[in-house]
Amino acid sequence: MVRLVSHPSSQILLQHALAEITGLTERWPDRRVILIVPEASKADVERQYLERTQAGGLLMAEVLSFRRLAFRLFAAAGGLAVKRLTSTGRAVLIGKVLLSGQAQFRRFGRLRQKPGFAVQLSAMLEEFSRYLVTADALETAADTAGLPREKERFADLALLWQQVEAARHEAGFVDSAADTDRLIRLLLDNRDPALAFLSDTDVYVAGFGELTPFSGSESAVIRALAERVRQVTVLLPAGPGRSFLHARRSRLSLQRAVPCEETAMDVQLPERSPRHE
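Residues numbered from 1 in each chain as written. Predicted model: local features only at pLDDT ≥ 70, side-chain atom pairs only at ≥ 80, totals over all residues. Heavy atoms only, no water.

Student: Explanation requested: the packing of aromatic side chains in the structure shown.
Tutor: Ring pairs (aromatic) are described by centroid distance and by the angle formed between their planes. One pass over the full model with this rule turns up five aromatic pairs. Measuring from ring centre to ring centre gives 6.1 Å for Phe105 and Phe108, while their planes differ by 35 degrees; the resulting arrangement is tilted. What makes Phe105 buried here is its relative accessible area of 13%. Each ring, one from Phe108 and one from Phe117, has its centre 5.5 Å from the other, and the planes form 80 degrees; the classification is edge-to-face. (Phe/Tyr/Trp six-rings, centres within 6.5 Å; stacked < 30°, edge-to-face > 60°. Buried < 20%, exposed > 50% of the residue type's maximum accessible area, 1.4 Å probe, protein only.)

Below you can see the structure in the form of structure tokens.
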């Protein structure tokens, strides 16, 4: 069961999480805590945490993104010894596939010489992986698309993904975009003693739901964490209007993935000071 805490203000939610984490590490110095935040805000959240905590709790709480959580647990379980395909490496493979002429692309063949095209396609495939979109799903989209242009585009994306995956397997690389899938398998299947600390770890997830919603893979990681750690607490903004659209989508994605017990924080937003004329 995931504990889901909501409030209209993301900043109040973050401060609430930091206060709870600080209290946990002060009362139980040996208890581990992990705070998962978006990659872009990791440094700022870490600074805020360090400003409010005492030295005794520093080593038992970590501020990580989902990607850095994967690296942290891979390292603990000895799972970093793989050849990882980076986004740059994926773009190189895409360029080779497009220029080889072996695959019968309907639209991409005409664009293969366009500067930066392989990089754009690499970013697109990485997003597909993040949101659990498969080559089979793209083929289905091609079959059901109404416009011929859309049919060709989806068909090319499906074929490209298949070709790039074949080239990656042949080269013996593990795609970095699949780190989330590896992390889920590690949490669900790996009982390495090096990961035993997870059973006495509290995990907080904050800072999501504003700019982008949770992806399906991120919700799946939270579900897997809930089966391994002491408690998972997710803090999401909530309210009416379009400004909370990503938060509502995040909540729906999470609730589909794992049972949640939701609590609304009863903390009032500070009133705005009147402007001086």
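That shown, we press on.
Student: Help me understand the nonpolar core in this model?
Tutor: Grouped together as the largest cluster of nonpolar side chains are 33 residues, with contacts concentrated most on Ile36, Leu69, Leu73, Val205, Ile222, Leu225 and Val234. Secondary structure elements with two or more residues in this core: strand E1 (2-7), strand E2 (32-36), helix H3 (66-76), helix H9 (179-189), strand E6 (201-205), helix H10 (216-228) and strand E7 (231-237). Among the nonpolar cores identified, the runner-up in size contains 20 residues, and Val97, Phe128, Leu157 and Trp161 belong to it. (Core = buried A, V, L, I, M, F, W, Y, C linked by side-chain atoms within 4.5 Å. Helix = DSSP H or I, 4+ residues; strand = E, 2+ residues; numbered from the N terminus.)

Student: Please explain the packing of helix H6 (residues 117-130) against helix H8 (residues 148-171) as it appears in this structure.
Tutor: Between two packed helices, both the angle of their axes relative to each other and the distance between the axes serve to describe the pair. Two elements in contact, H6 and H8, have axes separated by 12 Å at closest approach and are oriented at 85 degrees. Classified by the interaxial angle, the pair formed by H6 and H8 is roughly perpendicular. Residues Leu121, Met124, Leu125, Phe128 and Ser129 of H6 form the contact with H8, whose participating residues are Arg153, Leu157, Leu160 and Trp161. Split by residue class, the contact of H6 with H8 holds seven nonpolar, one polar and one charged. (Axes fitted to C-alpha atoms, helices over the stretch in contact; angles between N-to-C directions. Parallel < 35°, antiparallel > 145°, perpendicular 65-115°, else oblique. Contact = heavy atoms within 4.5 Å. Nonpolar A, V, L, I, M, F, W, Y, C, P; charged D, E, K, R; others polar.)

Student: How should the packing of helix H4 (residues 87-100) against H6 be read in this particular structure?
Tutor: Between H4 and H6, the shortest axis-to-axis distance is 8 Å and the interhelical angle comes to 120 degrees. Judged by the inter-axis angle, H4 sits oblique to H6. Seen from above, H4 lies across H6 with right-handed handedness. For the pair formed by H4 and H6, the contact residues are Ser87, Arg90, Ala91, Ile94, Gly95 and Leu98 on the first element and Phe117, Ala118, Val119, Leu121, Ser122, Leu125 and Glu126 on the second. Of the residues contributing to the contact of H4 with H6, the split by class is eight nonpolar, three polar and two charged. (Left-handed = near helix turned anticlockwise from the far one by under 90°.)

Student: What is the right way to read the environment of Glu165 from this model?
Tutor: Structurally, the position occupied by Glu165 is in helix H8. Residue classification places Glu165 among the partly exposed positions, given a relative accessible area of 22%. Counting along the chain gives 71 residues from Glu165 to Ile94, while the straight-line C-alpha distance between them is 9.8 Å. Here Arg168 takes part through its side chain, which lies 2.6 Å from a polar atom of the side chain of Glu165. (Polar contact = N/O pair within 3.5 Å; in protein donor to acceptor, adjacent residues only side chain to side chain.)

Student: In this structure, what is going on with the pattern of salt bridges? I would like to understand it.
Tutor: A side chain of one charge can pair with a side chain of the opposite charge when the charged atoms of the two come close. According to the stated counting rule, one finds 16 salt bridges in the structure shown. Among the ionic pairs, Glu39 bridges to Arg67, the shortest N-O distance being 3.5 Å. Note that Glu39 is positioned in the loop between E2 and helix H2 (42-52) and Arg67 in helix H3, a separation of 28 residues in sequence. For Asp179, the salt bridge goes to Arg182, with nearest N and O atoms at 3.3 Å. Residue Asp179 and its partner Arg182 are both found in helix H9; the two are separated by three residues, about one turn of the helix. Taking relative accessible area as the criterion, Asp179 reaches 5% and is therefore assigned buried. For Arg182, a relative accessible area of 13% gives the class buried. Several salt bridges share partner residues, and in doing so they unite Arg31, Asp202 and Arg230 into one network. (Salt bridge = Lys/Arg side-chain N within 4 Å of Asp/Glu carboxyl O.)

Student: Just to check I follow, could you spell out the confidence of the model for the protein for this structure?
Tutor: Low-confidence regions, as indicated by low pLDDT, have predicted coordinates that should not be scrutinised in detail. When pLDDT is averaged along the protein, the result is 87, and 93% of the positions lie at 70 or above. The low-confidence segment residues 269-277 (pLDDT under 50) makes three contacts with residues lying over four places distant or belonging to another chain. (pLDDT = per-residue confidence, 0-100.)

Student: Looking at this structure, I do not really get the side chain of Asp175. What am I missing?
Tutor: Assignment of secondary structure puts Asp175 in strand E5 (residues 174-175). Taking the relative accessible area as the measure of exposure, Asp175 reaches 11% and is therefore buried. A polar side-chain atom of Asp175 sits 2.8 Å from a polar atom in the side chain of Arg90. Dropping the residues within four chain positions of it, Asp175 is found in contact with Leu85, Arg90, Glu165 and Arg168.

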